[in-house]
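A closer look at the structure
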Amino acid sequence: MAKSLYPVPCPRCDEAQNVLPGGFDPEQAPFGPVTCMVCGHSFTQDEYRQGMAEIAAKRNAAQGGASNVVPLRPN
Ligand SMILES: [Zn+2]
């Protein structure tokens with residue numbers, strides 16, 4: 001099942017260069033592992049989901065609330 005995922009900025013170094021496991025699903029438990037390619041930070045599920053929410057908000061803002069935003073989790 002393909003999902004649209006966007007790189008989440010690292011809370012430690014602010015670089016959006018995530019290393020994701022194959023078949024990664026941010027909703028699954030146990031989470032990840034998701035790590036930062038730059039500093040090696042290991043994301044918690046809360047950090048990752050927070051980052052996804054911020055990206056979604058930025059994308060919405062950038063497009064002025066238009067309805068053609070690519071969903072993070074298409075059905
Ligand atoms: Zn980092």
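Figured I'd write up the structure that's included with this text.

Let's talk about the environment of Arg 12
Structurally, Arg 12 can be placed in the segment before strand E1 (18-19). Considering only alpha carbons, one finds Arg 12 and Gly 40, 28 residues apart in sequence, at a separation of 9.4 Å. Dropping the residues within four chain positions of it, Arg 12 is found in contact with Cys 36, Cys 39 and His 41.

A word on the environment of Asn 18
Note on placement: Asn 18 falls in strand E1. With 22 C-beta atoms counted inside 10 Å, the residue Asn 18 sits in the buried group. Along the chain, Asn 18 and Ser 42 lie 24 residues apart, while their C-alpha atoms are 9.5 Å from each other. Every residue in contact with Asn 18, bar those within four places of it in the chain, is listed here: Pro 7, Val 8, Val 34 and Cys 36.

Re unusual backbone geometry
Cis geometry is adopted by the peptide bond preceding Pro 30, which originates at Ala 29 and carries an omega value of 0°. Structurally, Pro 30 is set in the loop between E1 and strand E2 (35-36). A cis geometry characterises the amide bond from Gly 32 onward to Pro 33, with omega recorded as 5°. Among the secondary structure elements, Pro 33 is positioned in the loop between E1 and E2. Of note, the phi angle at Asp 14 is positive, near 70°, even though the residue is not glycine. Checked against the element boundaries, Asp 14 lands in the segment before E1.

Conventions adopted
Each residue is numbered by its place in its chain's sequence as written, counting from 1. Whole-chain, interface and lining totals are the exception, using all residues; otherwise, since this is a predicted model, local features are given only for residues with pLDDT of at least 70 and side-chain atom pairs are given and counted only at 80 or more. For the purposes of this entry, the term helix denotes a DSSP run of H or I that reaches at least four residues, the term strand denotes a run of E that reaches at least two, and both are numbered from the N terminus. Placing C-beta atoms from the backbone, we regard two residues as in contact once those atoms come within 7 Å. Every C-beta atom is placed from the backbone, and the number of other C-beta atoms within 10 Å of a residue's own sets its class: buried at 20 or more, exposed at 12 or fewer, partly exposed in between.

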